[in-house]
Amino acid sequence: MSNYLLDVQGLETTFKTPDGVLHAVNGVSFGLKEGETLGVVGESGCGKSVTMLSVLGLIPSPPGEIKAGKAMFFGHDLVKMTNAEIRQVRGAQIGMVFQDPMTSLNPVLTIGRQLEEPLMLHVGMNKKQASERAAELLEMVGIPNAKDRLSDYPHQFSGGMRQRVMIAMALSCSPQLLIADEPTTALDVTIQAQIMDLVKRLRNELGMAIIWISHDLGVVAGLAQRVIVMYGGLIIEEASVNDLYANPTHPYTIGLLGSLPRVDAKERTKLYSIEGSPPVLYNKPTACPFAPRCKWAMERCWKENPALETVSPEHRVACWVDTKTGRAR
Amino acid sequence: MTSNNDTLLKVDDLTMHFPIYRGVFQRQVGAVRAVDGVSFEVKRGETLGLVGESGCGKSTTGRTILQLYKPTAGSVTFDGQDLVKMKGEELRIMRRKMQMIFQDPYASLNPRMTVEELVGEPLIVHNVVPPKEVSEHVKHLLETVNLNPAFASRYPHEFSGGQRQRIGIARALALQPSFIVCDEPISALDVSIQAQVVNLLEELQDQFNLTYLFIAHDLSMVRHISDRVAVMYLGVIVELTGRDELYNKPLHPYTQALLSAVPIPDPVADAQRQRTILEGDVPSPANPPSGCRFRTRCPIAEARCAEARPEFREVEPGHFVACFFAERFLK
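As the structure is a computational prediction, the values presented were derived from the model and not from experiment.

**Quick word on the overall build of chain A**
No. 1: On a plain count of helices and strands, chain A comes out with 10 helices and 14 strands.
No. 2: Computed over its C-alpha atoms, the radius of gyration of chain A comes to 21 Å, within 12% of the 20 Å expected for a compact globule of 329 residues.
No. 3: In terms of principal-axis extent, the alpha carbons of chain A reach across some 65 × 50 × 40 Å.
No. 4: Counting the 329 residues in chain A, one finds 47% classified as buried.
No. 5: A separation threshold of at least 6 residues defines the contact pool for chain A, and within that pool the share at least 24 residues apart is 64%.

**Here's the deal with the overall build of chain B**
No. 1: Scanning chain B from N- to C-terminus turns up 11 helices and 12 strands.
No. 2: Reported as C-alpha extents along the three principal axes, the dimensions of chain B are approximately 65 × 60 × 45 Å.
No. 3: The buried share of chain B, taken over its 331 residues, is 45%.
No. 4: Residue pairs at least 24 apart in sequence account for 63% of intrachain contacts in chain B once pairs closer than 6 positions are excluded.

**Overview of the sheet that holds strand S4 (residues 64-73) of chain A**
All names here are of chain A.
No. 1: Across the sheet, which stays open at both edges, the four strands sit in the order S2-S1-S4-S5 with antiparallel pairing between neighbours. Lying at the two open borders of the sheet, with one neighbouring strand each, are strand S2 (20-32) and strand S5 (76-77).
No. 2: Two elements, strand S1 (residues 6-17) and S2, share 10 bridges in a ladder whose sense is antiparallel. Bridge assignment links threonine 17 to a residue of S2, and that residue is glycine 20.

**Some details on the interface of chain A and chain B**
No. 1: At the junction of the two partners, chain A supplies 39 residues and chain B supplies 36 residues.
No. 2: Secondary-structure elements contributing two or more residues to the side of chain A that touches chain B are helix H7 (189-206), helix H8 (217-223), helix H9 (241-246) and helix H10 (251-258) of chain A.
No. 3: Class assignment for the residues of the side of chain A that touches chain B results in 17 nonpolar, 14 polar and eight charged.

**Considerations on helix H3 (residues 111-123) of chain A**
Residues and elements named next belong to chain A.
No. 1: Given a rise of 1.5 Å per residue, 13 residues ought to cover 18 Å, and the 18 Å separating the end C-alpha atoms of H3 matches this to within 8%.
No. 2: Looking at H3, one finds that the buried residues are Ile111, Gln114, Leu115, Glu116, Pro118 and Leu119.
No. 3: One or two positions beyond H3, positive phi appears at glycine 124, with a value near 80°.

**Looking at the pairing of S4(A)**
All names here are of chain A.
No. 1: In this sheet, S4 lies alongside S1 in antiparallel orientation, the contact comprising eight bridges. Along S4, the bridge assignment pairs aspartate 7 with methionine 72.
No. 2: As judged from the two bridges shared by S4 and S5, these two strands associate in the antiparallel manner. Bridge assignment links phenylalanine 73 to a residue of S5, and that residue is histidine 76.
No. 3: Here S4 folds back onto S5, and the loop between the two strands holds two residues, one of which, phenylalanine 74, carries a positive phi near 50°.

**So, the pairing of strand S10 (residues 234-240) of chain A**
Residues and elements named next belong to chain A.
No. 1: Burial runs high along S10: six of the seven residues are buried.
No. 2: Pairing analysis gives six bridges linking strand S9 (residues 226-231) to S10, with the strands arranged antiparallel. Pairing of valine 229 across the sheet is with glutamate 237, part of S10.
No. 3: The hairpin turn running from S9 into S10, its antiparallel successor, is two residues long, and glycine 232 in that turn takes a positive phi close to 60°.
No. 4: Bridge analysis of S10 against strand S12 (residues 315-317) gives two bridges, and the strand direction is antiparallel. Looking across to S12, one finds that glutamate 238 is bridged to arginine 316.

**Re the confidence of the model for chain B**
No. 1: For chain B, mean pLDDT is 91; residues scoring 70 or higher make up 98% of the total.
No. 2: Predicted as a complex, the structure gets a pTM of 0.87 and an ipTM equal to 0.83.

**Considerations on unusual backbone geometry**
Negative phi values dominate among residues other than glycine, just as trans dominates among peptide bonds.
No. 1: A cis amide bond, omega -10°, links Ser61(A) with the succeeding residue Pro62(A).
No. 2: Take Pro62(A): it is sitting in the loop between helix H1 (48-55) and S4.
No. 3: Here Pro62(A) and Pro63(A) are connected by a cis peptide whose omega angle stands at 10°.
No. 4: Mapped onto the elements, Pro63(A) comes out in the loop between H1 and S4.
No. 5: Positioned with a positive phi, Gln26(B) is a non-glycine residue whose angle comes to about 50°.
No. 6: Note that Gln26(B) resides in the loop between strand S1 (7-22) and strand S2 (27-43).
No. 7: Looking at Gln26(B), the number of C-beta atoms within 10 Å reads 9, which means it is exposed.
No. 8: For Asn146(B), which is not glycine, the phi dihedral falls at a positive 60°.
No. 9: Here Asn146(B) shows up in the loop between helix H4 (134-144) and helix H5 (161-173).

**Description of the sheet that holds strand S6 (residues 98-101) of chain B**
Residue and element names in this part refer to chain B.
No. 1: Taken in spatial order, the eight strands line up as S6-S7-S8-S3-S9-S10-S12-S11 in an open sheet, and their pairing is mixed. The open sheet terminates on both sides in strands that have one partner only, identified here as S6 and strand S11 (313-316). If you compare each strand with its neighbour and ignore which way they point, the axes differ by 25° on average.
No. 2: Inspection of the sheet shows strand S3 (residues 47-51) paired to strand S8 (residues 211-216) by five bridges, in the parallel sense. Opposite leucine 48, over in S8, you have leucine 213 as the bridge partner.

**Considerations on H4(B)**
All names here are of chain B.
No. 1: When H4 is considered as a whole, its buried residues turn out to be Val138, Leu141 and Leu142. Relative to the axis of H4, the buried residues are bounded by an arc of 100° and lie together on one face. Residues of H4 that are exposed and point more than 90 degrees away from the buried face comprise Glu136, His140 and Glu143.
No. 2: The inward-facing, buried residues of H4 contact helix H3 (115-125) and H5.
No. 3: In the stretch just after H4, asparagine 146 is the one whose phi turns positive, near 60°.

**Observations regarding the environment of Ala230(B)**
Residue and element names in this part refer to chain B.
No. 1: With respect to the secondary-structure elements, alanine 230 resides in strand S9 (residues 228-233).
No. 2: When the 25 C-beta atoms within 10 Å are taken as the criterion, alanine 230 is described as buried.
No. 3: When residues no more than four places from it in sequence are discounted, the contact partners of alanine 230 are Phe40, Leu48, Gly49, Leu50, Ile237 and Leu240.

**So, the environment of Ile254(A)**
No. 1: The topology assignment puts Ile254(A) in helix H10.
No. 2: A sequence separation of 39 residues divides Ile254(A) from His215(A), and the C-alpha atoms of the two residues are 15 Å apart.

**Considerations on the packing of H3(A) against helix H4 (residues 127-140) of chain A**
Residue and element names in this part refer to chain A.
No. 1: Axis separation between H3 and H4 bottoms out at 9 Å; the angle between their running directions is 115°. Every pair of crossing elements has a handedness; the one defined by H3 and H4 is right-handed. Contact residues: H3 offers Gly112, Leu115, Glu116, Leu119 and Met120, while H4 offers Lys127, Ala130, Ser131, Arg133, Ala134 and Leu137.

Thresholds, definitions, all that
Residues numbered from 1 in each chain as written. Chains lettered and ligands numbered in written order. Predicted model: local features only at pLDDT ≥ 70, side-chain atom pairs only at ≥ 80, totals over all residues. Helix = DSSP H or I, 4+ residues; strand = E, 2+ residues; numbered from the N terminus. Rg over C-alpha atoms; globule rule 2.2 N^0.38 Å. Buried ≥ 20, exposed ≤ 12 C-beta atoms within 10 Å, placed from the backbone. Contact = placed C-beta atoms within 7 Å. Pairing = 2+ DSSP bridges. Nonpolar A, V, L, I, M, F, W, Y, C, P; charged D, E, K, R; others polar. Expected span 1.5 Å × (residues − 1). pLDDT = per-residue confidence, 0-100. Axes fitted to C-alpha atoms, helices over the stretch in contact; angles between N-to-C directions. Arc of directions from axis to C-beta. Left-handed = near helix turned anticlockwise from the far one by under 90°.

Structural data, given as structure tokens:
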């Protein structure tokens, strides 16, 4: 029995497409402790969203298929659960927030009705109790006149407000885990700051664990305690947040951080640019997926895929090269 | 603001209102005040960054400058000539000097045209190169934006987002413009690709002495690429100054809040920062607040802010602010 709240081992997910089988996730393993905030970063197509959707049993099958792996949550394997079983977990013990607050709410149902549904379904409240609790939840996420707004429809809310509603809904059944997939990407920076502030406050009040998926290394820096960097459907680096940003070790992480201009930059320097573009994996990678874009790449990198190795306590990297010396590790 | 030879573009009190029609008779019942009296200059060879949140009118400003919309009021003087008064052939010839790079490299390229047709189209339309030499010109342009000239016969769908944006840049460069409006050219791209495109834009600027109006919502990238930065809020410019000045000494409360909301990819620096979190949302540009546009969210607003619109004034040399209380933040 592991001491993790969520323990994912060797997860592999593929999709059948007209062009061939797409290997989206190629053996991902990580653990999440209770109350911990884990940031998952990577560019589009790196497999970060598919990993979480696989864990939640939300991969449409076909075309998707979970080929291997397990995701242990309170002693049960989420991957092996039937649809009926996982529905009891989703929304109750695991809350979810998605990127687009415009499309993840049902436009023809009132906000109140949508907030009440999980409460009646999972907690067993009656209509009146659920309605009261829904108003409390809206208040908790900072929506003024919460009681009156229950009868409003989603189009009467702004983007930032809708994302607040989504968060209220995700937290309605007091989940132990909140999975947020790019929840602030569609929002403006001042609204993003509001939402991040809200999430930090709720985390302190409610103590749930969070998996925060983002392509924005800045957002993750301000929120996460531990960070996973993904590339080509694999975890290529994992470290505590301070360690990752102070000592990025994988060539991809180094490149990604170097290619970001900083708003607090002292002087103007040329941006570091990683040449080429991320891979589209129609074959399961047998070599390091980053090798074609890596300036450190050696012969071995083109032949064997490196596994995650511990380089210092709580810092793991999948790379054949020691980027500090430029020689083989 | 005085004009001289260094000024390539002078925008004076530019206004763009889009009418709202309602009812059976389609009567005009109001207007979306997308751009509401904007004035600034762009000097030859510089990059002016234009930042703001979605719906603030920054893209409309760029498009109105290029006369893609007919402005409601105001003037746009490009190279000493007023574009607003121009029509037909005169304007068409002027357009050779002003080009645009669009945000979405997926939507801005015709999927049924090959790269050669796409990049060569402006050359043919403006008849600047004999038809026989177009192909040679296109190859040269592709090399300029670091694309393999052998790809000329391919279609847009065969390229990645970053490559498509390079095609869009090659197309914009085809007529050897002196001024390019870059409308969020990197927002749709992945982080590692953004740096490639920004570096390319900087190289091209040095090579061809280009002047950019760089529109973006990403303040970190705007700081990186711009010489001067203008901040827009709800159809007006609230602050305009040099890039370092703006980031080190923001004088408008909106700029201050915007800067403090930008995440920094450094957990230690991020934790030490003072943050101003604005409340509420941006009001609708169809019904903007009276007086100062920002007063409904402003932490220091007073009664007079609702009565009169603060003048866009030069508080320090080259530092323009539209706020009654800008002096408070001068050290």
